[in-house]
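An overview of the molecular structure
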Amino acid sequence: MSAPMSNFHGARNVNTGDITNINAQNYNHYDGRSRNAVEKLREHIAAGAMHDSAERCDAPKCHPETRVAVQDELVNWIEHGDEEPKPVRIVWITGPAGGGKTAIMGSTAETCEKKGLLACSFFFSSFSGSANRRLKKCLVATLAYQLAQHDALPDVGERILSCVERNPAVFDRQLEVQFDQLLFQPLREARRDTGTKPPKVILIDGLDECQAEHYSDVARSPQEMARANEVDQKEILQALLKAANDPFFPFRIIIASRPEPVIQTFFTDVAHHISKRIFLDNKYNPDADMLLFLEAKFAEIRREYKLPSSWPSQDVKRTLVENASGQFVYVATVMRFIGGSSGLPDQLLRQVLDLRVNDASANPFGPLDALYSHILNSCPDPRLTVRWLVIIFCLHLFNSKSASFVRLFLESSPGEASHAFRGLNSLLDIPPVNDDTSQYSLFHKSLVDFLGDWARQGPSNPS
């Protein structure tokens, strides 16, 4: 039940007896049974999938003053979407790999949280972070946990925890049942007049990275695994569509993903009446945003190396933007390579500019692929480097395992990991040797796509 006003009003992080969660402005009073429900719910979430999790501290965000148009469009829709001639309940953000979808979603989540608009979020990831961030089984529990902890939704939180108390096996039910019992029913039954501004939006990022759970006793071909992934992705979309169609469901929904066929078909054929698509193309002026990004990053390097203000020339920056073909991942990788590698920045920049691309007009990934090949071939032992990357990120043999565990398992001699990943700081987040908990993490999934496609690797194939 909701607690009366007390001397603890406005306090944070207070534990007294049965009180377990106190936040500014109000607090939720949980007795022993509710505490058990909170703990039970907590066991089934993917904590790393929440937008402000420690696991996502290095996740991409929009550089200041970039991607302003698309972020403004999203926030305006969240706040004033009902005023549109044909209101919709779902926005699908899509575009090619490297277009900045996750950065936009991360920055939008931060903006919405500051404005009190964010209800909850889930950031799928198939290539970095905890293994449960790539599975559907933690989605509903993670969303429900955030709603249960939301300052503006105390009555909803109590009803979610009551559901967990009554039916602790709800987490083993089908996704539709979980949505209904942990989200829909509490939202339908909760009081509306809480006296606080209610949140308005749910964010789901990287839906195309949701993967079906593969059991060790079932052998599946890559085609069967891909179909299983699509089944899970469609199941999530169906549940979200049901929510959007429910008049008692108070939130708008933003979904971001690549335009994979199953997702594209869903929004084109099934959800077209209640959704709209934002495709990250030239309408949102990515070239101008990338130029701003390059200006800021080159300024940092100039300050560090005492380089003249004329370095590099405007022509060089324009060339890099042209090579990017709208892919933020290209300019971000270039700047990590120039600013974070061992070498003189001007020489490293020249290496990037001198890379040969066979037909950039026919393959927009050509400059990015050439950059990946150059960085990998610059490692002391490119074959060893690629072998480690494939084992860790393409075969998923060490999901949720720490870097120290991976080294213990893969190293044939001490120091092999450091040798394999030397010079790879622009592509890979490498924990210190004395860090026993952090994982190896790629900066962008497009490297996994590159490693898995021999045609993209071309004659300079480092493997």
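The notes below deal with the structure included here. (Residues numbered from 1 in each chain as written. Predicted model: local features only at pLDDT ≥ 70, side-chain atom pairs only at ≥ 80, totals over all residues. Heavy atoms only, no water.)

Structural notes on the overall build of the protein chain
Which entries qualify depends on this criterion: Elements are defined by DSSP. Helices are runs of H or I of four residues or more, strands are runs of E of two residues or more, and each kind is numbered from the N terminus. Here the term buried applies to any residue with accessible area under 20% of the maximum for its type, exposed to any over 50%, and partly exposed to those in between, with areas from a 1.4 Å probe on protein chains only. Here, two residues are considered to be in contact whenever any of their heavy atoms come within 4.5 Å of each other. A 1.4 Å probe and the Shrake-Rupley method give the accessible areas. Residues count as covered only by the protein chains that appear here.
In terms of regular secondary structure, the protein chain is built from 18 helices and nine strands. When burial is assessed residue by residue, the protein chain has 50% of its 463 residues classed as buried. Restricting to contacts in the protein chain with at least 6 residues of sequence separation, those with at least 24 account for 71%. Total accessible area computed for the protein chain in this model is approximately 21800 Å², and 50% of it derives from carbon and sulfur atoms.

Here we look at the pairing of strand E6 (residues 252–257)
Short version of the rule: Only when DSSP finds a minimum of two bridges between them are two strands counted as paired.
Of all six residues in E6, six are buried; the element is thus mostly enclosed. Residue alternation in E6 divides its side chains into two sets, Arg252, Ile254 and Ala256 and Ile253, Ile255 and Ser257, and both sets are buried. Two strands pair when backbone bridges link them, and strand E3 (residues 90–94) and E6 are joined in this way by five bridges, in the parallel orientation. Note that in E6 the partner of threonine 94 across the bridge is serine 257.

Regarding the sheet that holds E3
So the rule is basically this: Think of each axis as a best-fit line through the C-alpha atoms, taken over the contacting stretch in the case of a helix, with angles from 0 to 180 degrees between the N-to-C directions.
The strand order across the open sheet built from five strands is E4-E5-E6-E3-E7, with neighbouring strands paired in parallel fashion. Two strands bound the open sheet, and with one partner strand each, they are strand E4 (118–123) and strand E7 (275–279). Shown here is a sheet whose adjacent strand axes are inclined to one another by a mean of 15°, direction ignored. Here helix H2 (residues 68–80) sits on the sheet in contact with E3, strand E5 (201–205), E6 and E7, set at roughly 150° to E6. Of the strands in this sheet, E3, E5 and E6 are in contact with helix H7 (residues 222–245), which crosses E6 at around 155°.

Overview of the pattern of salt bridges
Quick note on the threshold: We define a salt bridge as a contact between a side-chain nitrogen of Lys or Arg and a carboxyl oxygen of Asp or Glu at a distance within 4 Å.
Under the defined criterion, the tally for this structure stands at 17 salt bridges. Here lysine 242 makes a salt bridge to glutamate 176, at a shortest N to O gap of 3.4 Å. Here the residue lysine 242 occupies a position in helix H7, and glutamate 176 occupies one in helix H6 (residues 175–189), the gap between them amounting to 66 residues. We classify lysine 242 as partly exposed; its relative accessible area is 36%. Using a relative accessible area of 47% as the deciding quantity, one classes glutamate 176 as partly exposed. The closest approach of N and O atoms between lysine 317 and glutamate 295, which form a salt bridge, is 3.0 Å. Taken together, the positions of lysine 317 in helix H10 (residues 314–324) and glutamate 295 in helix H9 (residues 286–305) put the pair 22 residues apart, joining distant regions of the chain. Connected via shared salt-bridge partners are Lys136, Asp232 and Glu235.

Notes on H9
An α-helical turn contains 3.6 residues, so a residue and the one three or four places further along point in the same direction. This is how the line gets drawn: To estimate the expected span of a helix, count its residues, drop one, and scale the result by 1.5 Å.
The end-to-end C-alpha distance of H9 is 28 Å, a good match for the 28 Å that 20 residues give at a rise of 1.5 Å each. When H9 is considered as a whole, its buried residues turn out to be Pro286, Asp289, Met290, Phe293, Leu294, Phe298, Ala299, Ile301 and Arg302. In the segment just after H9, lysine 306 is the residue with positive phi, at about 55°.

Brief notes about the packing of aromatic side chains
Quick reminder of the rule: For Phe, Tyr and Trp, rings pair up if their centres lie within 6.5 Å, where Trp contributes its six-membered ring, and each pair is then called stacked (planes under 30 degrees apart), edge-to-face (over 60) or tilted (otherwise). Criterion for a charge above a ring: Arg CZ or Lys NZ at most 6 Å from the ring centre, at most 35 degrees from the ring normal.
Applying the stated criterion to the full structure yields 13 aromatic pairs. Ring geometry for phenylalanine 398 against phenylalanine 405: centres 6.2 Å apart, planes inclined by 65°, an arrangement best described as edge-to-face. With a relative accessible area of 8%, phenylalanine 398 lands in the buried category. These aromatic residues form a ring-pair network of at least three members: Phe179, Phe184, Phe249 and Phe251. For arginine 252, the ring lying beneath its charged end belongs to tryptophan 77, and the centroid distance is 5.3 Å. The side chain of lysine 401 reaches across the aromatic face of phenylalanine 405, ending 5.2 Å from its centre.

Keep in mind these values describe shape, not function.
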